[in-house]
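Here is how the chains run, residue by residue.
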Amino acid sequence: MTSIPPRAAPLPPDERRAALIASTLSLVLAHGPDVSTRQIAQAAGVAEGTIFRVFATKDELVNAAVSSAFDPAPVLAELRDIDGTAPLEDRLVAAVEIMQRHTRRIFRLMNALGAAGAAGAERTHRQRTEHAELTHRAIVDLIVPDRDRLRCEPAGAAQRLKLLTIASGHPAFVGCDPMSPSEIVSLLLDGIRRRPDPGPQP
């Protein structure tokens, strides 16, 4: 006689919603927006009917999943957790690693969504602008302690770091050979021109 495994304890509503969104986002990244509620339910480990006790329609769930990819809260939390006492280069390398993970996921999502993604991106332009500003401020905060070592203001340095990170990670620009975080930070702080060896210091 085959035994039926016991059901997992039900999650609180907020946790169930978050689990459904996370599972749906993973499926959308892999397969695009035309995932079925059956696939979502299997990925989340719930009955298909559970989805509709949380979301009115599948489209509502997919839209919530896509919006979650642009949520700045996890990125900001990681940026703020960077050790402020570490050397400037180490702080910026850590920041680039965080931004690269986020931008790679966004690029994958936009590619998976295709034309629908472009339309959705236009609708959330203001939201994305606000999120970008919050990220910018967090990076500025990482740079401020070393402002006297730089030839530009921390805000300018943060903007250049973001531009280098996004451009050097875009598949259309770099293909399968993106720059590493340490290369990006070195390019920002040191440039690419050779400098004369100053020789031994007295």
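Calculation notes
Residues numbered from 1 in each chain as written. Predicted model: local features only at pLDDT ≥ 70, side-chain atom pairs only at ≥ 80, totals over all residues. Heavy atoms only, no water. Helix = DSSP H or I, 4+ residues; strand = E, 2+ residues; numbered from the N terminus. Buried < 20%, exposed > 50% of the residue type's maximum accessible area, 1.4 Å probe, protein only. Contact = heavy atoms within 4.5 Å. Areas by Shrake-Rupley, 256 points an atom, 1.4 Å probe, with all protein chains shown as cover. Salt bridge = Lys/Arg side-chain N within 4 Å of Asp/Glu carboxyl O. Core = buried A, V, L, I, M, F, W, Y, C linked by side-chain atoms within 4.5 Å. Arc of directions from axis to C-beta. Expected span 1.5 Å × (residues − 1). Polar contact = N/O pair within 3.5 Å; in protein donor to acceptor, adjacent residues only side chain to side chain. pLDDT = per-residue confidence, 0-100. 1 Å grid on protein atoms, 1.4 Å probe; cavity = no way out; pocket = protein on both sides within 12 Å on 5 of 7 lines; lining within 4 Å. Points joined across faces, edges and corners; volume = space filled by probe spheres on them. Nonpolar A, V, L, I, M, F, W, Y, C, P; charged D, E, K, R; others polar. Axes fitted to C-alpha atoms, helices over the stretch in contact; angles between N-to-C directions. Parallel < 35°, antiparallel > 145°, perpendicular 65-115°, else oblique. Left-handed = near helix turned anticlockwise from the far one by under 90°.

### Re the overall build of the protein chain
Then step 1. Within the protein chain, the regular secondary structure consists of 11 helices and 0 strands.
Then step 2. Traced from its N-terminal end to its C-terminal end, the protein chain shows the element sequence α-α-α-α-α-α-α-α-α-α-α.
Then step 3. In the protein chain, buried positions account for 35% of the 202 residues.
Then step 4. In the protein chain, the share of contacts with a sequence separation of at least 24, taken over all contacts with a separation of at least 6, comes to 60%.
Then step 5. Carbon and sulfur atoms form 54% of the exposed surface of the protein chain, whose accessible area is close to 13100 Å².

### A look at the pattern of salt bridges
Then step 1. If you walk through the whole model with that rule in mind, you get 5 salt bridges.
Then step 2. The partner of aspartate 146 in a salt bridge is arginine 91, with the nearest N and O atoms 2.4 Å apart. Of the two residues, aspartate 146 sits in the loop between helix 8 (125-143) and helix 9 (154-169) while arginine 91 sits in helix 6 (residues 88-113), which places them 55 residues apart along the sequence. Exposure class is identical for aspartate 146 and arginine 91. Each is buried.
Then step 3. For arginine 137, the salt bridge identified is with glutamate 133, shortest N-O distance 3.1 Å.

### Topic: the nonpolar core
Then step 1. Counting 23 residues, the largest nonpolar core has Leu20, Ile40, Leu61 and Leu109 as its most contacted members.
Then step 2. Only helix 1 (13-31), helix 2 (37-44), helix 4 (58-69) and helix 6 provide two or more residues apiece to this core.
Then step 3. In contact with leucine 109, other than residues within four places in its own chain, are Leu25, Val28, Leu29, Val66, Ala69 and Phe70.
Then step 4. By size, the runner-up hydrophobic cluster in this structure holds 21 residues, among which are Ile82, Leu92, Ile98 and Ile143.

### Observations regarding the environment of threonine 57
Then step 1. Its place among the elements puts threonine 57 in the loop between helix 3 (48-54) and helix 4.
Then step 2. You can call threonine 57 partly exposed: its relative accessible area is 38%.

### Focus on helix 5 (residues 73-80)
Then step 1. Residues of helix 5 that are buried include every one of Val75, Leu76 and Leu79, and no others. Here the buried residues of helix 5 occupy an arc of 95 degrees about the axis, which is enough to place them on one side.

### Regarding helix 6
Then step 1. Taking 1.5 Å of rise per residue, the 26 residues of helix 6 would be expected to cover 38 Å, and the 37 Å separating its terminal C-alpha atoms lies within 8% of that figure.
Then step 2. Remark: glycine 114 follows helix 6 within two positions and exhibits a positive phi of approximately 60 degrees.

### Re the side chain of serine 168
Then step 1. Tracing the sequence through the fold places serine 168 in helix 9.
Then step 2. A polar contact is formed between the side chain of serine 168 and the backbone oxygen of leucine 164, at a distance of 2.6 Å.

### Remarks on the confidence of the model for the protein chain
Then step 1. Taken over all residues, the pLDDT of the protein chain has a mean of 85, while the share at 70 or more is 84%.
Then step 2. Long-range and interchain partners of residues 1-8, a stretch whose pLDDT sits below 50, account for 0 contacts in this model, where long-range means more than four residues apart.

### What to know about the environment of glycine 49
Then step 1. Mapped onto the elements of the fold, glycine 49 is located in helix 3.
Then step 2. Between the C-alpha atom of glycine 49 and that of arginine 38, which follows or precedes it by 11 residues, the distance is 9.4 Å.

### Focus on the layout of surface pockets
Then step 1. Approximately 590 Å³ is the volume found for the largest pocket.
Then step 2. What lines the largest pocket is a set of 20 residues, among which His102, Thr103, Arg128, Ala132 and Ile166 lie closest to the centre.
Then step 3. Listing elements by their share of the lining of the largest pocket, those giving two or more residues are helix 6, helix 8 and helix 9.
Then step 4. The class makeup of the residues in the lining of the largest pocket is 11 nonpolar, 7 polar and 2 charged.

### Details of the packing of helix 6 against helix 9
Then step 1. Across the interface, helix 6 lies against helix 9 with an axial gap of 9 Å and an inter-helix angle of 45 degrees. Between helix 6 and helix 9, the crossing angle belongs to the class labelled oblique. Handedness of the crossing formed by helix 6 with helix 9: right-handed. Residues Leu92, Val96, Met99, Gln100, Thr103 and Phe107 of helix 6 form the contact with helix 9, whose own contacting residues are Leu161, Lys162, Thr165, Ile166 and Gly169.
Then step 2. The residue makeup of the contact of helix 6 with helix 9, split by class, is 6 nonpolar, 4 polar and 1 charged.

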